[in-house]
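# Secondary and tertiary structure notes
The primary structure of each chain is shown beneath.
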Amino acid sequence: MQPNQLKSLLKNGGVAYGTFTRFGSGAAVEILGYAGFDFVVIDMEHGPFGYETALELARAARSVGMSSVVRVPENRPAYIMRALDIGADGVQVPQVESGEAARMAAGAAHYHPEGYRGVCRFTRAAQYSSISAEEHFRTSNQEVLTVVHIEGKEAAREAEAIATTPGVDVVFIGPYDLSQSMGLPGQVNHPDVVAAIDSIIKTCRRHGVVIGTFADTVETAAYWVERGAQYITLLTDVGILTQSCQELVKSLKAIRTGGHAQ
């Protein structure tokens with residue numbers, strides 16, 4: 001596996017900015033890379049596409065020098081294995097509720113002795129067997145980025161067990177799912193939700209684990225970066241397009257009516 005620039009950036013204390021892709025379009029991924037995003041999350045949990053499309057999106061990301069991370073539909077070893085076999089730089093696992101679940105995710109993302117990832121050399125990740133099995137196993141264990149989600153109140157209580165799991169590189173806090181599990185759906189700025197997120201962040205920082213989260217505005221991203229988050233996903237590609245179009249149309253309509261867009 002090639003050196004993982006995203007993992008290196010995070011290990012060196014840098015902040016990485018990415019977004020989720022749900023278009024299933026290689027062109028959309030290339031545009032994100034040309035715009036300067038550090039990484040793209042190929043979203044198979046909420047996105048309407050399969051592994052064949054995910055593979056092409058990972059290729060598109062590589063073509064513009066951007067890292068790719070696949071968010072799998074759920075915490076299942078077969079899903080994690082396939083996400084990595086297509087050559088993604090990392091895997092992002094939703095709804096990790098306990099230390100045991102974190103160990104399962106991390107184990108599925110690594111070969112022996114760190115884990116139990118299914119073995120096949122004839123994959124894009126192994127350059128279709130053009131490199132030795134030993135090199136593939138070694139470099140994969142070194143370079144794969146493993147991201148696990150804490151997005152429920154039970155998981156928040158298990159933050160220490162999850163954050164201290166060997167092989168977990170990033171703990172990603174899902175604010176919207178967390179708010180829903182606390183009986184406050186969508187109220188991501190509610191003091192109780194913010195306090196829960198801050199508690200998870202303190203736990204991760206205490207153990208030197210990279211913190212990730214979702215932001216729907218630049219201001220929200222800055223807020224969490226100030227509190228120690230390094231792995232930031234801003235909106236989604238469909239959300240970015242929607243917001244840009246709305247702003248353009250608002251300006252155009254203001255011209256048509258002789259007014260000025262605010």
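Look above for the structure.
The notes below deal with the structure included here. (Residues numbered from 1 in each chain as written. Predicted model: local features only at pLDDT ≥ 70, side-chain atom pairs only at ≥ 80, totals over all residues. Heavy atoms only, no water.)

## Thoughts on the packing of helix H2 (residues 26-35) against helix H3 (residues 51-63)
Inclusion rule: Interaxial angle, 0 to 180 degrees, is taken between N-to-C directions of lines fitted to C-alpha atoms, where a helix line uses only the stretch in contact. Labels follow the DSSP assignment, with helices taken as runs of H or I lasting at least four residues and strands as runs of E lasting at least two, numbered in each case from the N terminus. Angle categories: roughly parallel below 35 degrees, roughly antiparallel above 145, roughly perpendicular from 65 to 115, and oblique for all the rest. Crossing handedness is read from the near helix: turned anticlockwise from the far helix by less than a right angle, it gives a left-handed crossing, and turned clockwise, a right-handed one. It only takes one pair of heavy atoms within 4.5 Å for two residues to be counted as in contact.
Packing of H2 against H3 brings their axes to within 8 Å, and their N-to-C directions diverge by 30°. One finds that H2 runs roughly parallel with respect to H3. Note on packing geometry: the crossing formed by H2 with H3 is right-handed. When H2 is examined against H3, the residues Gly26, Val29 and Glu30 are found in contact with a partner set consisting of Leu57, Ala60, Ala61 and Ser63.

## Concerning the sheet that holds strand E4 (residues 90-93)
Condition: Note on pairing: DSSP must find at least two bridges between two strands before they are called paired.
An order of E1-E2-E3-E4-E5-E6-E7-E8 is seen for the 8 strands of this closed barrel, with the pairing classed as parallel. In this sheet, neighbouring strand axes are inclined to one another by 25° on average, regardless of whether the strands run parallel or antiparallel. Pairing of strand E7 (residues 210-215) with strand E8 (residues 231-236), which is carried by 4 bridges, proceeds in the parallel orientation. Among the inter-strand pairings, Ala215 is bridged to a residue of E8, identified as Leu234.

## A look at the pairing of E7
To keep things clear, this is the line we draw: Accessible area is worked out with a 1.4 Å probe on protein chains only. A residue is then buried under 20% of its type maximum, exposed over 50%, and partly exposed in between. Whether a crossover is right-handed depends on one test, that the path from the first strand over the helix to the second runs clockwise when the strands point away from the viewer.
Counting buried residues along E7, 6 of its 6 residues qualify, which places the element largely inside the surrounding structure. By the alternation rule, side chains of E7 split into Val210, Gly212 and Phe214 and Ile211, Thr213 and Ala215, which are all buried. Bridge analysis of strand E6 (residues 170-173) against E7 gives 4 bridges, and the strand direction is parallel. In the strand pairing of E7, Phe172 is matched with Gly212. Taking the sense of rotation as the criterion, the β-α-β connection linking E7, helix H11 (residues 218-226) and E8 turns out right-handed.

## A short note on unusual backbone geometry
Residue Pro113 is bonded to the preceding His112 through a cis peptide linkage, with omega at 10°. Tracing the sequence through the fold places Pro113 in the loop between helix H5 (99-108) and helix H6 (133-143). Residues other than glycine seldom take positive phi values, yet Tyr128 does so here, at roughly 55°. Within the secondary structure layout, Tyr128 lies in the loop between H5 and H6. Phi at Leu235 takes a positive value of approximately 55°, unusual for a residue other than glycine.

## Structural notes on the packing of aromatic side chains
Here the distance between the centres and the angle between the planes together describe a pair of aromatic rings. Heads up, the rule is: Here a pair means two rings of Phe, Tyr or Trp (six-membered ring of Trp) with centres within 6.5 Å. Their orientation is stacked below 30 degrees between planes, edge-to-face above 60, and tilted elsewhere. Cation placement over rings: the criterion is NZ of Lys or CZ of Arg within 6 Å of the ring centroid and within 35° of the ring normal.
If you walk through the whole model with that rule in mind, you get 7 aromatic pairs. With a centroid separation of 6.1 Å and 70° between ring planes, the pair formed by Tyr176 and Phe214 is classed as edge-to-face. Of this pair, Tyr176 sits in helix H9 (residues 175-181) while Phe214 sits in strand E7, and the two are 38 residues apart along the sequence. Between Tyr223 and Trp224, the aromatic rings sit 4.7 Å apart at their centres with planes inclined by 85°, giving edge-to-face as the arrangement. Ring pairs connect the aromatic residues Phe20, Phe39, Phe172, Tyr176, Phe214 and Tyr231, which therefore count as one cluster. If you follow Arg227 out to its NZ or CZ, it ends over the ring of Tyr223, 3.5 Å from the centre.

## Looking at the pattern of salt bridges
Working definition: two side chains of opposite charge can pair if their charged atoms are close together. For the record, the criterion: Counted as salt bridges are all cases of a side-chain nitrogen of Lys or Arg within 4 Å of a carboxyl oxygen of Asp or Glu.
Under the criterion given, the structure shown has 10 salt bridges. Residues Glu45 and Arg71 are paired through a salt bridge, measuring 3.3 Å at the closest nitrogen-oxygen approach. Linking Glu45 in the loop between strand E2 (39-43) and H3 with Arg71 in strand E3 (residues 67-71), this pair joins segments that are 26 residues apart in sequence. Judged by relative accessible area, which is 6%, Arg71 ranks as buried. Arg227 is paired through a salt bridge with Glu226; the nearest N and O atoms lie 3.9 Å apart. Three or more residues are tied together by salt bridges with common partners; here these are Arg22, Asp43, Glu45 and Arg71.

## Some remarks on the pairing of E4
Judged by which residues are buried, E4 turns out to be covered on both faces: Gly90 and Gln92 on one side and Val91 and Val93 on the other are all buried. Inspection of the sheet shows E3 paired to E4 by 3 bridges, in the parallel sense. Looking across to E4, one finds that Val70 is bridged to Val91. This β-α-β element, E3 to helix H4 (residues 77-85) to E4, shows right-handed connectivity. Sheet analysis places E4 next to strand E5 (residues 145-150), joined by 4 bridges and oriented parallel. Within E5, the residue paired with Val93 across the bridge is Val148.

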